[in-house]
Amino acid sequence: MLSIEGLHVTYGGAVQALRGVSMQVPDGKVVAVLGSNGAGKSTLLRTISGTLRLHRGKIDSGSVRFGDVDLGSRDPGQTVRLGVVQVPEGRRIFGRLTVEENLRAGGMGNRDKAAKARAQARVYEMFPVLEERKAQRGALLSGGEQQMLAIGRALMASPKLLLLDEPSLGLAPRIIGQIGEVVAEINRQGTSVLLVEQNATMALGVADTAYVLDVGEVSLSGSARELSQTDEVQRLYLGHDADQPQERAAPRAHRTLSRWTA
Amino acid sequence: MTQFLSLLLNGISLGVLYALIAMGFVIIFKASEVVSFMHGSLLLLGAYAIARLSGPLGFFPAILVALLITGAAAIVVERLIINRLRGAPVISLAIVTIGVDIILLTELIRRIGSDILNVPHPWGGDSFQLGAVGISQNRLIAIGVAGVLIALFFAAFKYSNWGIAMRASAEDGETAALMGIRQGQVSALAWVIAGVLAAVAALFLVGSPTPGVTPSAYAVALRAFPAAILGGLDSVGGALVGGLLIGVAEALAAGYQDQLLFLGRGFSAVVPFIVMIVVLMFRPSGLFGTKELTRV
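Residues numbered from 1 in each chain as written. Chains lettered and ligands numbered in written order. Predicted model: local features only at pLDDT ≥ 70, side-chain atom pairs only at ≥ 80, totals over all residues.

Overview of the overall build of chain A
Looking only at helices and strands, one finds ten helices and ten strands in chain A. Here the C-alpha atoms of chain A give a radius of gyration of 20 Å, agreeing with the 18 Å that 2.2 N^0.38 yields for 262 residues. Reported as C-alpha extents along the three principal axes, the dimensions of chain A are approximately 75 × 50 × 30 Å. For chain A, buried positions account for 44% of its 262 residues. Partitioning the contacts of chain A with sequence separation of at least 6, the portion at a separation of at least 24 is 67%. (Helix = DSSP H or I, 4+ residues; strand = E, 2+ residues; numbered from the N terminus. Rg over C-alpha atoms; globule rule 2.2 N^0.38 Å. Buried ≥ 20, exposed ≤ 12 C-beta atoms within 10 Å, placed from the backbone. Contact = placed C-beta atoms within 7 Å.)

Given below as structure tokens:
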């Protein structure tokens, strides 16, 4: 379980990005973090994955713990070995490396060869298109395929907790739906997921619980179902007016009432 | 024609040695974003170690120890200086390597003095005749050894975990870090390999037709610079092509010196730099270099 307590983070000693954030990602659950640009979502993930220092950020107070290990003092490599793996925002696949090399790069933190082979089989099973294109350079994949590759690359490290930074960014609605299914499937296979999103529809669709970040603070939290009913989330993230019915009745296919028998 | 073929063969033998040195520059640049100006003194260190140790240890053990010494010197510089300055501007790092180079070079020159240290290559100074085309045995062996090393190097770069880690972290360091790739390790290994390659080049560069180890061996590494740069500083394939191009151009200029006399004696020594300037005028990022080398 990932637990964050009273986390304060600043950049360059001046800019406060997180102000007393607390949240939990229980084992086997999907937790969504919603928030607009500048809310501190990326900072949160950087703090967990240990890349905060690369951005001259610093934890002022509070703690980030995975199980009983304090992640605040770990470097990215150690964090990966503990089973906490991040898919970066904007996919950031290695465009000059082939698909297969990208996956191998993702498995670098994983010393267990058998686990790596299992992970690769799982990735190709989940994303058959990656196996078809394994000899192609990453840069030649479509946006959706690149996102699949970015997720597959992270799965190569056999994560216990997967951190996803805006996987829907810049993708077509149909692909976003697929990403949602992929997240649900990864979770079914036993990996906890922390999903940072601006696309609340997808995120709340797959998450068990959710938090809303607002200028570095948690402004709302609760079960995903409850949260999607609140006025604020409806208005800000789901694009509905609060008093409109949330679900429109979809035309149902009529059941065949009787079978024509000869 | 015979003269031309002979010069070509000698040029290639020189070129593969330049390529070994230039590939070292390139992987250091890719792994640590440092243009290492200390290759000259590393090369001289390798040559000096082989010459001094082959008496007490015997020739082949001396080579082994010299390779270790040069590799160790490279990694010490990387760990003690370069790694701690990560994130410093590229220019500052380059100047730091110049500083280290001058310190090491000064010490080596002091030790070598005005002597010419002899390296007792078992293959001696004999030359090998292939029909009418002649080449020193030393240089012929150099082609073979360097060819094998270059092939191994390319295979490692393409297929090994180190190669993939290196290419991944050269392309996007932060993302590579998120995969658990340790840039420090990748960089340290790149320096060791570059140091060892320079020492291998040194082994052959101080043999026939060169008389032995003198501080002038240092200048050879300087001529490998244009090889790396005209190939494109971030391309290992470019380093190989650049090395061969420079080697052949230099050998031809030396061989046809009499016809080129109007340019002055010793013109061949500046040919590598002229080739580099001409290539860069038409292809500013080198023959195979990535167009934009600046990274945010």
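Digging into the overall build of chain B
If you tally the helices and strands in chain B, you get eleven helices and two strands. Listing the helices and strands of chain B from first to last along the sequence gives α-α-α-α-β-β-α-α-α-α-α-α-α. Whereas a compact globule of 296 residues would reach a radius of gyration of roughly 19 Å, chain B reaches 19 Å, a difference of no more than 12%. Each principal axis of the C-alpha atoms in chain B carries an extent, and together these give about 60 × 50 × 35 Å. By the burial criterion, 49% of the 296 residues in chain B qualify as buried.

With respect to unusual backbone geometry
Residues and elements named next belong to chain A. In this model, Arg91 sits at a positive phi of 70°, which is unusual for a non-glycine residue. Take Arg91: it is sitting in the loop between strand E6 (84–87) and helix H3 (99–106). Backbone geometry places Glu166, a non-glycine residue, at a positive phi of 45°. With respect to the helices and strands, the residue Glu166 is situated in the loop between strand E7 (161–165) and helix H7 (173–188).

So, the sheet that holds E7 of chain A
Residue and element names in this part refer to chain A. Pairing in this open sheet of six strands is mixed, and the strands run E6-E7-E8-E3-E9-E10 from one edge to the other. What marks the edges here is a single partner per strand, and that holds for E6 and strand E10 (217–223). Strand after strand, the sheet turns through a mean of 15° between neighbouring axes, direction not considered. Each of strand E3 (30–34), E6, E7, strand E8 (192–197) and strand E9 (209–214) is contacted by helix H1 (residues 41–49), which is oriented at about 150° to E7, the strand it contacts most. The sheet strands contacting helix H6 (residues 143–155) are E6 and E7, and the helix crosses E6 at an angle near 165°. (Pairing = 2+ DSSP bridges. Axes fitted to C-alpha atoms, helices over the stretch in contact; angles between N-to-C directions.)

Let's talk about the sheet that holds strand E2 (residues 15–25) of chain A
Residue and element names in this part refer to chain A. Ordered in space as E2-E1-E4-E5, the four strands form an open sheet in which the pairing is antiparallel. Each end of this open sheet is capped by a strand with a single partner; those strands are E2 and strand E5 (69–70). Relative to E5, strand E4 (residues 57–66) runs antiparallel, the two being bridged by two bridges. Counterpart to Arg65 in the pairing with E5 is Asp70. Its contacts with the sheet place H1 against strand E1 (2–11), E2 and E4, and it is angled at close to 65° to E4.

Some words on the packing of helix H1 (residues 2–32) of chain B against helix H8 (residues 183–205) of chain B
Residues and elements named next belong to chain B. Contact geometry for H1 and H8: axes closest at 8 Å, N-to-C directions at 165°. The angle between H1 and H8 falls in the class roughly antiparallel. When you trace H1 past H8, the crossing you get is left-handed. Only Val186, Ser187, Ala190, Trp191, Ile193, Ala194, Leu197, Ala198, Val200, Ala201, Phe204 and Leu205 of H8 make contact with H1, whose side of the interface consists of Leu17, Leu20, Ile21, Met23, Gly24, Ile27, Ile28, Ala31 and Ser32. Class assignment for the residues of the contact of H1 with H8 results in 18 nonpolar, three polar and no charged. (Parallel < 35°, antiparallel > 145°, perpendicular 65-115°, else oblique. Left-handed = near helix turned anticlockwise from the far one by under 90°. Nonpolar A, V, L, I, M, F, W, Y, C, P; charged D, E, K, R; others polar.)

So, the domain arrangement of chain A
All names here are of chain A. Annotation of chain A at the domain level lists domain 1 (1–83 + 160–241) and domain 2 (93–158). Each partner contributes residues to the interface: domain 1 has eleven residues there, and domain 2 has eight residues. Elements with a minimum of two residues in the side of domain 1 that touches domain 2: helix H2 (76–81) and H7. The element that contributes the greatest number of residues to the side of domain 1 that touches domain 2 is H7, accounting for four residues. (Domains from an automatic or database assignment.)

What about helix H4 (residues 90–112) of chain B?
Note: α-helices contain 3.6 residues per turn, so residues at a spacing of three or four share the same orientation. Residues and elements named next belong to chain B. An ideal rise of 1.5 Å per residue puts 33 Å on 23 residues; H4 measures up with 32 Å between its terminal C-alpha atoms. Leu93, Thr97, Val100, Asp101 and Leu108 are the residues of H4 that are buried. Among the structural elements, helix H2 (39–57) and helix H3 (59–82) are those in contact with the buried residues of H4. Looking at the residues trailing H4, positive phi occurs at Gly113, about 60°. (Expected span 1.5 Å × (residues − 1).)

Let's talk about the interface of chain B and chain A
Many authors give the size of an interface as the accessible area that is lost as the parts come together. At the interface, 16 residues of chain B touch 21 residues of chain A. Listing elements by their share of the side of chain B that touches chain A, those giving two or more residues are helix H6 (161–171) and helix H7 (173–178) of chain B. Tallying contributions element by element places H6 of chain B first for the side of chain B that touches chain A, with six residues. Among the residues making up the side of chain B that touches chain A, the classes are represented as eight nonpolar, three polar and five charged.

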